[in-house]
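Per-entry structural report
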Amino acid sequence: MLTEFLECGQVVNTHGIRGEIRIVPWADSPDFLCQFSTLYLDSENRAMKVLSCRVHKGSVIVRLEGIDTVETAMLLKGKTVRIRRADAKLPHGSFFISDIIGLDVVDEEGRKLGVLKEVLSPSLQQVYVVSGTREIMIPAVPQFILETNIPEGYLKVRLIEGM
């Protein structure tokens, strides 16, 4: 089931003296967070209007409406940052990792191999961890990932000997 809000980072500290916060992004690129005019904080999904946003050393520095001192910014430290799914603009063929976790993984003949349990990002290439009768690690490249069908709930893969 697709959720309305997606976790996309965490407030790790303040930045400067004007109430800016430093967010560690949970996205392919820190620039992704800068496209949003509203961020939602913590489990209450409290809407916070973004006044400014910039990337700085792999983090995202954000100034939020109503947060204008270091003291008020400190209250946000440790909070999870969310975005509204409807506000996100992804390139065609892209998807959120949270949407594929839990998908059934099937081979080319349609036999179920297991369920996608985790996505690892050890380097530039992601690796899908499939949990079934045994654990399978599959590089997330077109040679092995044949189809990602979120509405139907499956991921079709090609395995090679030794996988």
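What you are looking at is a predicted structure, and each value in this text was computed from that prediction instead of being measured. (Residues numbered from 1 in each chain as written. Predicted model: local features only at pLDDT ≥ 70, side-chain atom pairs only at ≥ 80, totals over all residues. Heavy atoms only, no water.)

Some points on the overall build of the protein
The condition that has to hold: Numbering of helices and strands runs from the N terminus; a helix is a DSSP stretch of H or I covering at least four residues, while a strand is a stretch of E covering at least two. Only protein chains enter the calculation, and the probe is 1.4 Å; a residue is then buried if its accessible area is under 20% of its type maximum, exposed if over 50%, and partly exposed in between. Throughout, a residue-residue contact means that at least one pair of heavy atoms, one from each residue, lies within 4.5 Å. By the counting scheme adopted, Arg and Lys are positive, Glu and Asp are negative, and His together with the chain ends is not counted. Think of each charge as sitting on NZ of Lys, CZ of Arg, CG of Asp or CD of Glu.
The number of helices and strands found in the protein is two helices and twelve strands. Listing every helix and strand of the protein by position from the N terminus yields β-β-β-β-β-α-β-α-β-β-β-β-β-β. Taking the principal axes of its C-alpha atoms as reference, the protein extends roughly 60 × 30 × 25 Å. A burial count over the protein gives 37% of its 163 residues as buried. In the protein, of all internal contacts separated by at least 6 residues, the share reaching a separation of at least 24 is 48%. Across the protein, the mean location of the 19 positive side-chain charges is 6 Å away from that of the 21 negative side-chain charges.

Focus on the sheet that holds strand β7 (residues 104-106)
Strand pairing in a sheet relies on backbone hydrogen bonds, with the paired strands running either antiparallel or parallel. Convention followed: When DSSP finds two or more bridges between two strands, those strands count as paired. The axes are straight lines fitted to the C-alpha atoms, using for helices just the contacting stretch, and the angles between their N-to-C directions are given from 0 to 180°.
Taken together, the six strands give an open sheet; going across it, the order is β10-β9-β8-β7-β12-β11, and neighbouring strands pair in mixed fashion. Only two strands of the sheet have a single neighbouring strand rather than two, namely β10 (135-139) and β11 (145-149). Across this sheet, the average inter-strand angle for adjacent strands is 30°, counted without regard to direction. Note: β7 against strand β8 (residues 112-120), three bridges, orientation antiparallel. Paired with V105 across the two strands is G114, which belongs to β8.

Some remarks on unusual backbone geometry
Residue N45 is not a glycine yet carries a positive backbone phi of 50°. With respect to the secondary-structure elements, N45 resides in the loop between β3 (38-41) and β4 (46-56). Its relative accessible area of 21% is what places N45 among the partly exposed residues. Of note in the backbone geometry, K57 takes a positive phi value of approximately 55° without being a glycine.

Brief notes about the sheet that holds β4
Reading around the circumference, β1-β2-β5-β4-β3-β6 is the order of the six strands in this closed barrel, with antiparallel pairing throughout. Recorded for the sheet is a direction-independent mean angle of 50° between the axes of neighbouring strands. With four bridges connecting them, β3 and β4 associate as antiparallel partners. In the sheet register, T38 faces β4, and the bridge partner there is K49.

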